[in-house]
Amino acid sequence: MGDISVRAYAKINLCLDVVRKMENGYHEIATVMQSIDLCDDIDIAFSDGFSITAESNLHYLPRGDKNIAVRAAKLFFEASGTPPCGCVIKIKKRIPVCAGMAGGSTDGAAVLRAFNDYFSAGLERKQLEELAEKLGSDLPFCVAGGTALCKGRGEIMTDLTPMPKCRVLICKPPFPISTAELFSVIDGSVLKCRPDVEGMVKALEQGSVAGVARRMYNVFEDVLPQKYSEIWSIKSRLLDSGALGASMTGTGSAVFGLYDDEEAAEKAFAMLKKQYEECFLADTMEKYV
Ligand code: C5P
């Protein structure tokens with residue numbers, strides 16, 4: 001155990017719309033994000049000197065500035081006025097990588113949160129979210145998690161009625177999809193079908209898992225290159241196995257299903273796990289800040 005231990009929770013997108021391309025090159029989105037209790041464990045050990053590095057059970061994760069957790073630590077020291085010190089950030093990864101589950105983003109956000117507490121820097125949640133935004137589009141949500149409507153690049157957030165607890169089965173096929181790649185093939189201004197974001201918000205207010213599930217929709221599924229067609233077959237298998245709704249999360253490649261029946265979720269997990277190494281059963285969770 002290091003000097004600080006913190007959990008970094010994954011997210012799923014209950015619905016995801018791409019509205020248009022903005023002047024700054026990013027896309028304006030409208031999405032309902034939801035935290036789940038699948039998490040990475042982060043242990044931070046302080047050391048002499050000023051070097052900040054990352055280590056992970058996944059040998060291919062970057063150890064230096066390419067690792068968002070390292071960038072988050074450096075940004076924290078710069079922005080908070082806390083005298084910098086060296087550390088090793090050990091990341092036990094469980095959240096699949098390049099899966100659309102904010103795996104890297106949530107590690108960065110967790111470091112910001114943990115340092116703020118450890119050094120008693122006194123940054124408010126809003127200030128942490130503003131810092132987080134500098135590191136990536138999904139980071140602001142990951143600061144506090146829960147259930148939120150995210151607009152703009154993802155940084156304009158409104159807290160929503162928490163999603164009623166339900167089981168989430170996640171299945172990631174053995175190929176990654178890069179966020180930049182999928183954003184480069186979507187033109188939000190010509191999409192024919194869009195998620196009913198307002199309806200999703202209302203279903204949450206009514207505490208209806210079935211209402212949420214019926215409104216799950218991710219516009220990136222409509223522009224998926226053929227080479228990723230396995231996503232469709234996973235989605236069908238989730239629905240056939242009793243999921244109330246199934247969708248790709250973010251820009252993929254993970255697909256998830258929502259279940260209100262524990263037994264059905266367990267059975268589906270056992271079935272998919274035979275074929276896919278990266279299968280996980282998780283619960284939805286409320287804000288952690
Ligand atoms: O912000 P982040 O670094 O996570 O985004 C990765 C890439 O995804 C960006 O460089 C951009 O190409 C694309 N992106 C986008 N619009 C967003 C979020 C991401 O075009 N709202």
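Computed from a predicted model, the values in this text were never measured in an experiment.

Undergrad: Would you explain the pairing of strand 1 (residues 4–21) in this entry?
TA: A regular strand places its side chains so that they alternate between the two faces of the sheet. Taken across its 18 residues, strand 1 has 13 buried, putting it largely inside the fold. Pairing between strand 1 and strand 2 (residues 27–47): 16 bridges, direction antiparallel. Bridging across to strand 2, Ala-8 finds its partner in Asp-40. From the end of strand 1 to the start of strand 2, which pair antiparallel, there are five residues, and Gly-25 there has a positive phi angle of about 95 degrees. In the sheet, strand 1 pairs with strand 8 (residues 217–218) via two bridges, with the strands oriented parallel. Looking at strand 8, one finds that Cys-15 is bridged to Tyr-217.

Undergrad: I would appreciate a short explanation of the site of the ligand in the present structure.
TA: Contacts to the ligand come from Tyr-26, His-27, Gly-136, Ser-137, Arg-153, Thr-179, Ala-180 and Phe-183. Measuring from an oxygen atom of the ligand, one finds a side-chain N or O atom of Ser-137 at 2.6 Å. Taken by itself the ligand offers 450 Å² of open surface, and the protein chains cover 71% of this. At three residues, the largest contribution of residues to the shell around the ligand is made by helix 5 (residues 179–184).

Undergrad: Is there a simple way to explain unusual backbone geometry in this structure?
TA: Backbone phi values are negative for most residues with the exception of glycine, while trans is the configuration of most peptide bonds. Gly-252 connects to Ser-253 through a cis peptide bond whose omega is 15 degrees. Here the phi dihedral of Ala-102 falls at roughly 60 degrees; this positive angle occurs in a residue that is not glycine. Among the secondary structure elements, Ala-102 is positioned in the loop between strand 4 (86–92) and helix 2 (103–118). Using a relative accessible area of 8% as the deciding quantity, one classes Ala-102 as buried. Of note in this structure, Ser-120 is not a glycine but carries a positive phi near 45 degrees.

Undergrad: What is the right way to read the side chain of Lys-11 from this model?
TA: By the secondary structure assignment, Lys-11 is in strand 1. According to the relative accessible area criterion, Lys-11 is buried, its value standing at 3%. Discounting chain neighbours no more than four positions away, the residues touching Lys-11 are Met-33, Gln-34, Ser-35, Gly-100, Met-101, Ala-102, Asp-138, Phe-141, Thr-249 and Gly-250.

Undergrad: Hey, could you run me through the packing of helix 8 (residues 230–240) against helix 9 (residues 262–275) in this one?
TA: When two helices pack together, you describe them by how their axes are tilted relative to each other and by the distance separating the axes. In the contact formed by helix 8 and helix 9, the axes pass within 11 Å of each other and the chain directions differ by 155 degrees. Comparing their axes, helix 9 and helix 8 come out roughly antiparallel. When the axes of helix 8 and helix 9 are compared, the crossing they make is right-handed. Side by side, helix 8 and helix 9 meet where Glu-230, Arg-237 and Leu-238 of the first sit next to Met-271, Leu-272 and Gln-275 of the second. For the contact of helix 8 with helix 9, the class distribution of residues is three nonpolar, one polar and two charged.

Undergrad: What should I look at first to understand the domain arrangement of the protein chain in this one?
TA: Note: interface size is frequently given as the accessible area lost on complex formation between the parts. The assigned domain composition of the protein chain is domain 1 (4–159) and domain 2 (167–283). Domain 1 puts 27 residues into the contact, and the matching count from domain 2 is 35 residues. Approximately 2,300 Å² of surface area, both sides summed, lies buried where domain 1 meets domain 2, with 69% of it carried by carbon and sulfur atoms. Of all residues in domain 1, the largest losses of buried area upon contact with domain 2 belong to Leu-14, Leu-16 and Val-18, amounting jointly to 24% of the total for that side. At the boundary of domain 1 with domain 2, the tally comes to one salt bridge. Note that Asp-17 is salt-bridged to Arg-194, the shortest N-O span being 2.7 Å. Within the residue set of the side of domain 1 that touches domain 2, elements represented by two or more residues are strand 1, strand 2 and strand 5 (147–152).

Rules behind the numbers
Starting from 1, residues in each chain are numbered consecutively following that chain's sequence as written. Reporting of local features is limited, given that this is a predicted model, to residues whose pLDDT is at least 70; pairs of side-chain atoms are given and counted only at 80 or more, and all residues count toward the totals for whole chains, interfaces and linings. Values shown for side chains rest on all heavy atoms present in the structure; no hydrogens or waters enter the calculation. Burial classification: accessible surface area is computed with a 1.4 Å probe over protein chains only, and a residue below 20% of its type maximum counts as buried, one above 50% as exposed, and the rest as partly exposed. A run of H or I in DSSP becomes a helix once it reaches four residues, and a run of E becomes a strand once it reaches two; helices and strands are each numbered from the N terminus. Any two strands with at least two DSSP-identified bridges between them are counted as paired. By convention in these notes, a residue is near a molecule or strand provided one of its non-hydrogen atoms lies within 4 Å of it. Any pair of N or O atoms that falls within 3.5 Å is considered a polar contact. Within protein, one atom must be able to donate a hydrogen and the other to accept it, and sequence-neighbouring residues count only if both atoms are side-chain atoms. Every accessible area reported is derived by Shrake-Rupley at a probe size of 1.4 Å, with residue values counting cover from the shown protein chains alone. We call two residues contacting when some pair of their heavy atoms lies within 4.5 Å. Between N-to-C directions, angles span 0 to 180 degrees; the directions come from axes that are lines fitted to C-alpha atoms, helices contributing only their stretch in contact. Oblique is the label for any angle not covered by the other classes, which are roughly parallel (under 35 degrees), roughly antiparallel (over 145) and roughly perpendicular (65 to 115). Put simply, a crossing is left-handed when the front helix is turned counterclockwise from the back one by less than a right angle, and right-handed when it is turned clockwise. Nonpolar residues are Ala, Val, Leu, Ile, Met, Phe, Trp, Tyr, Cys and Pro. Charged residues are Asp, Glu, Lys and Arg, and all others, Gly as well, are polar. The split into domains, and so the bounds of each, comes from an automatic or database assignment of domains. Joining two parts hides part of their accessible area as seen by a 1.4 Å probe, and the buried area is that hidden amount summed over both. Between Lys or Arg on one side and Asp or Glu on the other, a salt bridge is scored when a side-chain nitrogen of the former is within 4 Å of a carboxyl oxygen of the latter.

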